[in-house]
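Each chain, written out:
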Amino acid sequence: MNHDKMINIGRKRGFLWPSFEIYSGVAGFTDYGPLGAMLKNNVMQKWREIYIVNEGFYEIESPAVTPEEVLIASGHVGNFTDPMVQCLECKDVFRLDHIVEEKTNLSVDGYTNEELDSLVLERNVKCPNCESRLSEAWNFNLMFRTNIGPKGNKPGYMRPETAQGIFIMFKRLSRFFKNKLPFGVVQLGKAYRNEISPRQGVIRLREFTQAEAEIFVHPKDKTHPKFKEIANEVFVLYSAKSQSDGEEAITLTGQEALDNNIVANEILIYEIYLAKKFLNEIGIPDNVLRIRQHLPNEMAHYANDSWDVELKTDKYGWVEIIGIADRGDYDLSAHSKHSNEELSVYTEYDEPKIIKKMVVKPDMKEFGKKFRKDSVKIAEALKSVDGLKVKEELESSGVYEIAIDSHNFKIESGDLSFEELDEEVKGEKIIPHVIEPSFGIDRIIYGLLLHSFSSVTVKEDGKDKIKDYFKFTSDVSPIKVAVFPLVKKSRLPEIAIDIKDSLRLDGFTVEYDSSGTIGKRYARSDEIGIPLAVTVDFETLDDNCVTVRNRDSEKQGRVKIEELKSYIEGFFSN
RNA sequence: GCGGCUGUAGUAUAGUCUGGUUAGUACUUGGGCCUUCCAAGCCUACAGCCUGGGUUCAAAUCCCAGCAGCCGCACCA
């Protein structure tokens, strides 16, 4: 299996290491070794290039420690907590709500633990395994809880996603963007989930890195200005319908996906395109990717429509690496409600709208006669009712009743008149919808390592020689150039060290290696995916040229030392 | 979190059942010799019994607990 070999070499050469290893490790955490950290930075740099430079989004950074109110509003405190229960005999642990629902056929959504416990007693719910008594319910929350401040009375959590930080800043962000939709904000950072059983290495971590973009759009305008450019791009889409019908994923263009209502809107398709582009550019090819729509029952508590980019792995099957969701106005509405802050954008219409309005004009003379002290109150109340409705009712039944402070007042047609007015409305307050592409960087690194890993067998002198190496693209490769002296004598090492130093000053990451034979050093530099190797040999002493060797083709060429920089730059810009 | 299996240098392993010399081997890595382009050879060095407790004159070996890995169950918005 490629996975095992890749993990092995990744460990040997300093990409991924188990965390806290000298204390025997903790499941659900991973260390990035020197090359792993460089690789991850390069991948994140590439991500920033696409989303910040190309798309014009802006990056923010918010704290990982998050006060409880935020996560109550977002629904994480409620939805992230599962009531658990343990059998007193066989010690097996269960989701209490699941076994109660099974036994009673009640829907117990939103029940407190106490209510669930009393249901257990009333309905005689027992351990599904051994029919023994169950413990009391306790909560297992997938979030890491902590206390903020010395008194320890302000509960907080490590954020379970980076997205909330952006929503919280919405008011200021909206001002920053001059209150103009659409705008996009990104955050790259750590998120935390206290997984019950994190067992799939880097695929299921308790602390992981997300790169998320929140794109705030007008709810009625989910078109994208650049959609035209990608309308003919081809996607392999695995829609919810195909999945439930037991059909295969289908290949179609962006335009077809839109026309056939498979993807809800242009922005979603555009974001799917961008995600794919990002993956392709860092070296994950289309043939190991699939774009799958969430089934209605697996949709997150906030999502309207949701697509995952999934990665094919030999060990774990299809793994979600990117989620692209239309979150609607769920988050902003929720935070608005809980914080009592208005989280909306005033959008001006292109042209003011003229709204025809029926205005009720009370005849205060008649009112006075009829309603006395209440006249003013009634006239005031009439201002906020729909004039058209009053008119219709008067015409049909001859009387319009209005209730004020639980008194009913009867108004007849002689008591008022109507006037039709054209009102000019210049705009409205709207709560933006959010389209969210959310990247699991660690899973993407895993996919990148897995699918960059190449094992090539070549026949040499009748023997099979295996070349195992990471075939990184130039962009993400941690080390760009290796520099070797052919042998350790005749000033070759000195010249090679000079070249190494000057290439480093030119901005390349360079490894210098002089130990063992040249072949061994080529093999070692191949293994960690260094695209180019420069060798100083005896001819260099005469002609001032070095040998430049290509990792993939193993072809060699001679380049003058003073032209080395531009040669390498040329190589990497292709 | 539950159950089963497993844990010896960086890697792969011998030794564990049946307790008893200085824990052996190969590769890797560092240094040296040699070496004129794809993991050659020779010399040399570093490095290991998952952690903690117990039994015993004596524990890598037997027992208990913990931790980690793999597999199954449960969980995974």
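Owing to the predicted nature of the structure, the values given are computational and were not obtained by experimental measurement. (Residues numbered from 1 in each chain as written. Chains lettered and ligands numbered in written order. Predicted model: local features only at pLDDT ≥ 70, side-chain atom pairs only at ≥ 80, totals over all residues.)

**As for the overall build of chain A**
Here comes step 1: Summing up its helical and strand segments, chain A has 21 helices and 28 strands in all.
Here comes step 2: In terms of overall size, chain A is more extended than a compact globule, its C-alpha atoms giving a radius of gyration of 33 Å where 574 residues would be expected to give roughly 25 Å.
Here comes step 3: Expressed as lengths along the three principal axes of its C-alpha atoms, the size of chain A is roughly 120 × 70 × 55 Å.
Here comes step 4: Per-residue burial for chain A yields a buried fraction of 32% across its 574 residues. (Helix = DSSP H or I, 4+ residues; strand = E, 2+ residues; numbered from the N terminus. Rg over C-alpha atoms; globule rule 2.2 N^0.38 Å. Buried ≥ 20, exposed ≤ 12 C-beta atoms within 10 Å, placed from the backbone.)

**Considering helix H1 (residues 2-12)**
Here comes step 1: Those residues of H1 that sit buried are Met6, Ile7 and Gly10. Viewed along the axis of H1, the buried residues span an arc of 100°, placing them on a single side of the element. Exposed and facing more than 90 degrees away from the buried side of H1 are Asp4, Asn8 and Lys12.
Here comes step 2: Two residues or fewer past H1, glycine 14 is found with a positive phi of approximately 85°. (Arc of directions from axis to C-beta.)

**What to know about the nonpolar core**
Here comes step 1: Val43, Leu449, Val481 and Val534 are the most contacted members of the largest nonpolar core, which totals 99 residues.
Here comes step 2: The leading source of residues in this core is helix H12 (residues 266-282), at 10 residues.
Here comes step 3: Shared between two domains, this core holds at least three residues of each, these being domain 1 (2-64 + 161-332 + 434-443) and domain 4 (479-573).
Here comes step 4: Ranked by size, the runner-up nonpolar core spans eight residues in total, among them Leu96, Val100, Val120 and Leu134. (Core = buried A, V, L, I, M, F, W, Y, C linked by C-beta atoms within 7 Å. Domains from an automatic or database assignment.)

**Quick notes on the domain arrangement of chain A**
Here comes step 1: With domains assigned, chain A is organised as domain 1 (2-64 + 161-332 + 434-443), domain 2 (81-141), domain 3 (347-430) and domain 4 (479-573).
Here comes step 2: Inter-centroid distance (C-alpha atoms) of domain 3 to domain 4 is 86 Å.

**What about H12?**
Here comes step 1: Taking 1.5 Å per residue as the helical rise, H12 with its 17 residues ought to reach 24 Å, and the 25 Å between its terminal C-alpha atoms agrees with that figure.
Here comes step 2: Where burial is concerned, most of H12 is hidden: 13 out of the 17 residues are buried. (Expected span 1.5 Å × (residues − 1).)

**What to know about the sheet that holds strand S13 (residues 250-253)**
Here comes step 1: On the basis of which strands lie adjacent, the open sheet formed by nine strands has the order S3-S10-S11-S21-S16-S15-S14-S12-S13 and mixed pairing. Each end of this open sheet is capped by a strand with a single partner; those strands are strand S3 (58-59) and S13.
Here comes step 2: Of the strands in this sheet, strand S11 (207-217), strand S12 (234-238), strand S14 (289-293), strand S15 (305-313), strand S16 (317-328) and strand S21 (433-440) touch H12, which is tilted by about 145° from S16. (Pairing = 2+ DSSP bridges. Contact = placed C-beta atoms within 7 Å. Axes fitted to C-alpha atoms, helices over the stretch in contact; angles between N-to-C directions.)

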